[in-house]
Each structure stands twice: as C-alpha cells, then as structure tokens.
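Next come the chains, spelled out residue by residue.
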Amino acid sequence: MDGGILETAERYRQLLEELREHNYRYHNLDAAIIDDNTYDALYRELVEIEQAHPELVDPESLTRRVGAPPVSAFAPVTHREPMFGLDNATTLEELDSWNERLVGHLGRDPGGYSCELKIDGLAVSLTYENGQLTQAATRGDGAVGEDITANARTIRSVPMVLRGQAPTVMEVRGEIYLPVSEFEALNARQAEAGAAPYINPRNTAAGSVRQKDPSMTASRNLAVWIYQLGYVEGGPRLASHTEQMAWLSELGLRVNPANATVGTIDEVKAYIASATEHRHVHDYETDGIVVKADLLSDQAEVGFTARSPRWAIAYKLPPEEKNTILKSIEINVGRTGAVTPYAVMEPVFVGGVTVTNATLHNEGEVHRKDVRPGDTVVVRRAGDVIPEVVGPVLDLRPKGLRRWNMPKNCPFCGNPIVLPDGEAKAKCTGGFACGSRLREYLYHFGSRGAMDIEGLGYKTVDALVAADLIRDPSDIYNLTIDDLLELEGWATISATKLVESIERSKKQTLGRLVFGLGIDHVGATVARLLAEHFRSIEAIAGATTDEIAEIDGIGPEIASSVHSWFADKDNAALIDRLAAAGVTLALPEPAAPTLPQTLEGLTFVITGTLDGFTRDSAKSAVVERGGKVTGSVSARTSALIAGENAGSKLAKAESLGVTVLDAEAFERLLARGPDGLV
C-alpha cells in the first residue's frame, strides 16, 4: 500500500472515530460539540473516501446503517434469556401491595429501588459480540422474537460498535420509539401528500420497525432507550441495576437520564408524582413508571412468576378520558366459550386513537358500573392502550333507560348461556357449534404465537366455516387446494401457499400447540413450561393437578384449568384427531446426557444468591444431572439449595424438615452426588 493510500486509510479511521464520538454525544449525552453543518461535512468526507476506496470500507461504518436489501420475512430469534412482561399497578395501593409482597419474599426492605419512565414503544433485544452489533430482535412471545437487525441498524441511537472495553457477548433490552416531534413532522408530510395521518407514535414506531425495506425504517427517524441488561459474558461484576445502566451508558448505549434510584417506597411515590406532573414535557410518549428492586441479589432472591419478574412492576399513569354516547351493548363469544359484553359507542378520539368499541368484561361489571344503552359515558384508554368505559354521566341520562342483562341464549348458536359456580364470566354451552367461539378458536389456533399458519386470518376462517369445510382445528389439516379453489377469491398460488403453511405447522413445537389449544389461563409462557416439563401431550393429559402445580411458575388455578381441559372428552377427541392428522404431539427425545445422572429422581428448590451461580445456571446444573427444580417447597422436596439472603422458602423448608444445602454443599452435590453430602 503506497503512502497516499496509507494516509487516506488513516484519515478514514479518524473520521469513523470522530463521527462515532459525535453520534454518542448527540444521542446519548444531548451535548453536541459541533453544529449540524460541520457534522454533515465530516459525513460527506467519509462517503467520498468510501466511494473512491471501497477496499477501506469498515462493515460497521455509519454509512452502512442503510443499504441492506429488503427482506421477505423476519426470521425467528430465540432470546438467550426470556423477555418477560411486567405486572401492572394502577393505584398507589396496588403499588404498596407489590412492595409488601417484595418485602415478604426478602424478609426485609429491598436495598433501594430503580425508577424509570415506561416508554410507549416497541421492546427490542440488541446483541453485541466483541463490541459489534450482531443481532436485533423483537420481544415476540418473550421466548422467541423476530430478527429486525437490518432495520435496527438504521436507528442512529443504536450503536453499531460499542465504546471502550466491551464484553465478549452482551444482550441488552430497550424500547424503540418514535419521538413526538418526528411523529408530528411525519403527519405533516402525510397531509401535504393528501394521505391519511398516522394514529399515534407507538403504532407508527412498531410498523416502522417491521418494514421489509430498511430504508423505509431509516426514513422514520426512530430512537431507542436501553432499560435492561439481559445477558452478558465477560462483563464486570456489578451489584445493582443502577450500576449496570451506568456501565451500559459508558459503552455508548442510550440510557434515559430521567431514570432515578431511590431508597424507600415513599421516594418511589414522589418520583411517580413528579413523572405524572411532567408527563408531556418529553419528546416521547410515556405510559407509566417501571419500579425495580435495584440490587441484583434482591432480584435473584425473589425470582419470577411464569409471566413476570416479582422484583419489578409497571405503575400505569392516569389515562385520558372523554365523553361519548353508548349506542348498544353487544356480546362476543371467545375461543374458550367465555361470553364478554362490549360497548358500541359513537366514535371518540381519546389517548391518541379513535375508539368505537370497548370491553365491559362481564355482566357483573356492567351492573356495577350501571351503564345502559343510550347513556353518555366516560371513556378512557387504560394505560393509554386498552379502551375502557369508566361509567355513565348520570346527570345526562335520558329517562326510561333500561338496565342491560346478559341474554339467556347465545345469539350465534342459540344454546344457553350459563354462569358457572364461582366464576365471573358467563359461558356459551354450544361448544364448537357456536360460530363465534369456533371463529375465535380457529383464528387463535393458527395465530403467530400458536401454530403460525400464514394466511389463516379472520377472513379466511369466516370463508372456510361458511363453506362448512372446518368445524374444529383438526379439520384444518384436511383442507386441499381444490377445496380452497371452490371459494370466491382464491387462486392456485394463494391456495397452495395456505396448504403448504398448514403442512409446515404440523411440525410446530409442543409449546406452540399447547398454547394453540386455547386452555383457560394458559398463555405462551405457561404452555412452554408445560411442554418442557412433560415433553408430550400424553404426559400432560395424564398429569394430576398437584403434579402440574409443582412446575416452577404454575399455580393451583392454572393447574386446575389444564387438568380440567384434558379431562374433557371432547377435548380428548380433538387431540386424537390432531394426532391422526400428523400434528407433532411431543418434543424430540432429548440427547443422551453428557453427565452422570446422579440427581435422578430428586427434586430441588433454589433460593437466594449462590456464589458462582446465577439462578438459571444453578437450575441447569441440577437438570443436567437428572434432577428436577420446582418453585415451591413441599414435603416432597428433596432439598432446598439456599444462598445468601434466602427468604421465606428457607423458613418453610426448616418447618417441614427439608434438607437445606448452602453453596458449598451444593458444589459437593454436583461433584459427587447425594453421597457427597454425608
């Protein structure tokens, strides 16, 4: 390489470093030290060098943010650690209840709280290897998301290269959002073009991230805030969430400066009051405050439920409210047969969207609120997301309005509607003979989180049911191309695609199938837990309620619901038909164990902070040796593995006489088996 090229290469390297530093100062510190014109001049110089010397182009150059080819589909990505959702609190009393549970688990007050503004956007996982961005994924169902790497690279506040000494592998979580100013500018451009405006920044951000052409994503000027470290190899040993966020900020990741760490629950409430008062001063929409136990040892001690961490909660900000006319109350029959009344209203713009329908939950809720067709009602978006009828404006009620009552018979199938003992929700007794239930069930069965049958949306389901081609999910697997070609609007290409997608769905994972069965209280996470624990539909169907409830993250109510579903003869017949159609009903046989199965037949519970282990690595160490790990201590527990700061589980183990192992004894157990404890 001659001297001129060497000089150009050095200048190119300097430009990359300088522009990355300016990007960091602008997006992360809000402290730019050069004006836009100077930045643009440096960027143009970088582009000119790359055009003249393509051999010098760094794969992580800022110019590479846009330019990836459009994609036809978003590939699935399995998260290294699950991306859990959060439980919600809508009142300070509910926040206190969460804190009482947290203190109860710990046996003391937590070592501080982290308070963060909850950004109204789209959750994202970013993976860096040796400091370089290698993958971005949506949250998806929490276990599996979609690969959006090409689109995430177009977001300027997502660094493609980290600063300083980066870990070997690191996965962080954040929220992609559309700044309010960019949303307003985008709608101004829509108006100039005579196009329909976008409804709200959150939905627009989500749609922008899932554009198949990355250049379209780039045009939306999205941004990101990072709020969690999900996984790391080779990072420093840190004691708190606050320390983790400071470290991520040093690496060049964008952490919200509005976050705060406080010592008491009263200080948490003061933060909430301030955030509520100043809700609209930011250039981004917020719909709540996330409160976390700050110490990582506290988080490890209290752990997770099947759906959410016990150490965090989302306090939802008070929603906006508007008045409108309640035209009628209709009912819908869902996939489980549950009958839900809903309000049909005069359109009203509230919380950033136009609302015409809102759930009323159940008949008891309708009577409690005393809303009647013809009322002027107060409507709000709960958490700025779900439309909700708050109640009537009684001073505006016309005379003679009659109270609404649940119909005695289902309007879709004519079968009786009943209210099971001890339940709030009425149910249609028509089973799959009810067109509304069948429609919702089939749509759920084929949805993205379940069997993922592309093309089996509501419109297709309606056409297939109307043609009497499907009466339950097993009939989906009998459909042929010729059947579809008999329907209006279908051609060979579309029919072939649907039939091929149906065939592929036969090999979906057991967890997706269990979720698709539509069992009460069984979401995607619980379905995956059932699949991983029992490994086959036959084993789940044969399990007792107690055996199901022993799974870490599954409680008695869910266990009872699962057991009842499989005990129903109609559901058992459906499983038989799915098996006959060739649907996979079991996980593959596990690979032969690589470690001696010294813990086979033994059941353990893990609590506290174990030196040298995370909660997941300790669980894996037990499972790899043939043992089982459950979430609650009982007389059947072989031993409680208790680290530092063990809480209520330790007290229960001692009261039941269950063996308690400290970290040293756990190491001996893993090395020598139970004999090593003697």
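An account of the accompanying structure is given in this report.

Cut-offs used in this document
- Along every chain, residues carry numbers that run from 1 in the direction the sequence is written.
- Given that the model is predicted, a residue must reach a pLDDT of at least 70 before its local features are reported, and side-chain atom pairs must reach 80 or more before they are shown or counted; all residues, however, enter totals for whole chains, interfaces and linings.
- Note that the side-chain values use all heavy atoms of the structure and ignore hydrogens as well as water.
- Strands here mean DSSP runs of E at least two residues long; helices mean DSSP runs of H or I at least four residues long; both are numbered from the N terminus.
- In this setup the radius of gyration rests on C-alpha atoms only. A globule is expected at 2.2 Å times the number of residues raised to 0.38.
- Categorising residues by exposure relies on relative accessible area from a 1.4 Å probe, with only protein chains included: less than 20% of the type maximum marks a residue as buried, more than 50% marks it as exposed, and the intermediate range marks it as partly exposed.
- Think of each axis as a best-fit line through the C-alpha atoms, taken over the contacting stretch in the case of a helix, with angles from 0 to 180 degrees between the N-to-C directions.
- Angle categories are assigned with fixed cut-offs, so that under 35 degrees is roughly parallel, over 145 is roughly antiparallel, 65 to 115 is roughly perpendicular, and the rest are oblique.
- Handedness of a helix crossing follows the sense of rotation of the near helix relative to the far helix, less than a right angle counterclockwise being left-handed and clockwise being right-handed.
- Any two residues whose heavy atoms approach within 4.5 Å are treated as being in contact.
- Residues are grouped as follows: Ala, Val, Leu, Ile, Met, Phe, Trp, Tyr, Cys and Pro are nonpolar; Asp, Glu, Lys and Arg are charged; all remaining types, including Gly, are polar.
- The salt bridge criterion pairs a side-chain nitrogen of Lys or Arg with a carboxyl oxygen of Asp or Glu, the two atoms within 4 Å.
- For our purposes a nonpolar core is just a set of buried Ala, Val, Leu, Ile, Met, Phe, Trp, Tyr and Cys residues, chained together by side-chain atoms within 4.5 Å.
- By arc we mean the arc of the directions from the helix axis to the C-beta atoms, nothing more.
- Two aromatic rings from Phe, Tyr or Trp, using only the six-membered ring of Trp, form a pair when their centres are within 6.5 Å; if the ring planes differ by under 30 degrees the pair is stacked, by over 60 it is edge-to-face, and anything between is tilted.
- Definition used: whenever NZ (Lys) or CZ (Arg) falls within 6 Å of the ring centre and also within 35 degrees of the ring normal, the charge is taken to sit over that ring.
- Between any two strands, pairing holds if DSSP finds at least two bridges.
- Polar contact criterion, stated in full: a pair of N or O atoms within 3.5 Å, where within protein one must be able to donate a hydrogen and the other to accept it, and residues adjacent in sequence count only if both atoms are side-chain atoms.

1. Quick notes on the overall build of the protein chain
The helix and strand tally for the protein chain stands at 24 helices and 22 strands. Over its C-alpha atoms the protein chain spans a radius of gyration of 28 Å, differing by no more than 12% from the 26 Å that the globule rule assigns to 678 residues. The principal-axis extents of the C-alpha atoms in the protein chain amount to approximately 85 × 80 × 60 Å. Here the protein chain holds 678 residues, and the buried ones make up 46% of them.

2. Considerations on the packing of helix 12 (residues 435-445) against helix 13 (residues 458-466)
Following both chains from N to C, one finds helix 12 and helix 13 inclined at 130°, their axes separated by 10 Å at the closest point. Compared by their axis directions, helix 12 and helix 13 come out oblique. Relative to helix 13, helix 12 is oriented so that their crossing is right-handed. Here helix 12 contributes Leu438, Arg439, Glu440, Leu442 and Tyr443 to the contact with helix 13, which in turn contributes Tyr458, Val461, Asp462 and Val465. Across the contact of helix 12 with helix 13, the residue classes break down as six nonpolar, no polar and three charged.

3. What about the pattern of salt bridges?
Taken as a whole, this structure holds 29 salt bridges when the rule is applied. We note a salt bridge from Lys369 to Glu388, for which the minimum N-O separation is 3.7 Å. Of this pair, Lys369 sits in helix 11 (residues 363-369) while Glu388 sits in strand 16 (residues 386-392), and the two are 19 residues apart along the sequence. Put simply, Asp520 and Lys427 hold a salt bridge, and the shortest N to O gap is 3.0 Å. Placement of Asp520 in the loop between helix 16 (510-516) and helix 17 (524-534) and of Lys427 in strand 18 (residues 426-428) is noted, with a sequence separation of 93 residues between them. The class for Asp520 is partly exposed, based on a relative accessible area of 28%.

4. Describing the nonpolar core
Tyr477, Leu513, Leu517 and Leu530 are the most contacted members of the largest nonpolar core, which has 52 residues in total. Broken down by secondary-structure element, the contributors of at least two residues to this core are helix 12, helix 13, helix 15 (492-505), helix 16, helix 17, helix 18 (537-542), helix 20 (556-567) and helix 21 (569-580). The leading source of residues in this core is helix 17, at seven residues. When residues no more than four places from it in sequence are discounted, the contact partners of Leu513 are Phe445, Met451, Ile537, Leu578, Val583, Thr584 and Leu585. Ranked by size, the runner-up nonpolar core spans 31 residues in total, among them Met170, Val172, Ile176 and Leu178.

5. Topic: unusual backbone geometry
Unlike most non-glycine residues, His361 shows phi in positive territory, near 70°. Along the polypeptide, His361 turns up in the loop between strand 14 (353-359) and helix 11. Of note in the backbone geometry, Asp452 takes a positive phi value of approximately 55° without being a glycine. Along the chain, the position of Asp452 falls in the loop between helix 12 and helix 13.

6. Focus on helix 13
Taken together, the buried positions of helix 13 are occupied by Thr460, Val461 and Leu464. Taken down its axis, helix 13 places every buried residue within 100° of arc, on the same side. Exposed and oriented more than 90 degrees from the buried face of helix 13 are Lys459 and Ala466. Buried residues along helix 13 sit against helix 12, helix 14 (481-485) and helix 15. Looking one or two places after helix 13, you find Asp468, whose phi comes out positive at around 60°.

7. Re the packing of aromatic side chains
Following the criterion strictly, the structure yields ten aromatic pairs and no others. Between the aromatic rings of Phe432 and Tyr441, the centroid separation amounts to 4.9 Å while the plane-to-plane angle is 85°, which identifies the pairing as edge-to-face. An aromatic cluster is present here, built from Phe84, Phe304 and Trp311 joined pairwise through their rings. Between the NZ or CZ atom of Arg254 and the centre of the ring of Trp225, over which it lies, the distance is 3.7 Å.

8. Focus on the sheet that holds strand 3 (residues 113-119)
Strand order across the open sheet formed by five strands is 2-11-10-3-9, with mixed pairing between neighbours. Of all the strands in the sheet, just strand 2 (88-89) and strand 9 (260-262) have a single pairing partner and so form its edges. Of the strand pairs in this sheet, strand 3 and strand 9 are connected by three bridges, and their pairing is antiparallel. Bridge pairing in strand 9 places Ser114 opposite Thr261. Along the sheet, helix 3 (residues 92-106) makes contact with strand 2, strand 3, strand 10 (286-293) and strand 11 (312-316), crossing strand 11 at roughly 175°.

9. Topic: the side chain of Glu116
With respect to the helices and strands, Glu116 occurs in strand 3. In terms of polar contacts, Glu116 uses its side chain to reach the side chain of Ser114, at 3.4 Å. When residues no more than four places from it in sequence are discounted, the contact partners of Glu116 are Tyr227, His241, Asn259, Tyr271, Gly288, Ile289, Val290 and Lys292.

10. Section: the packing of helix 3 against helix 9 (residues 265-277)
Axis angle and axis distance: for two packed helices, these are the angle between their axes and the distance between the axes, and together they describe the pair. Put simply, helix 3 and helix 9 touch, their axes get as near as 11 Å, and they point 145° apart. Of the two possible hands of crossing, helix 3 and helix 9 adopt the one that is right-handed. Contacts from Leu92, Leu95, Asp96 and Asn99 in helix 3 reach Ile265, Val268, Lys269 and Ile272 in helix 9. By residue class, the composition of the contact of helix 3 with helix 9 is five nonpolar, one polar and two charged.

11. Notes on the sheet that holds strand 22 (residues 659-661)
Within a sheet, each strand pairs with its neighbour through backbone hydrogen bonds, oriented either parallel or antiparallel. Reading across the sheet, the four strands line up as 20-19-21-22 and stay open at both edges, with parallel pairing between neighbours. On the outer flanks of this sheet lie strand 20 (628-630) and strand 22, each paired with one strand and no other. Neighbour-to-neighbour, the strand axes of the sheet open up by a mean angle of 35°, direction not taken into account. With three bridges joining them, strand 19 (residues 603-607) and strand 20 adopt parallel strand pairing. Within the sheet, the bridge partner assigned to Val605 lies in strand 20 and is Thr630. This element, helix 24 (residues 663-672), spans strand 19, strand 21 (639-642) and strand 22 of the sheet and lies at about 95° to strand 22.

12. Digging into helix 6 (residues 201-209)
The set of residues buried in helix 6 consists of Pro201, Thr204, Ala205, Ala206, Ser208 and Val209. Among the structural elements, strand 4 (122-129), helix 4 (149-152), strand 7 (169-177), helix 5 (180-192) and helix 7 (214-218) are those in contact with the buried residues of helix 6.

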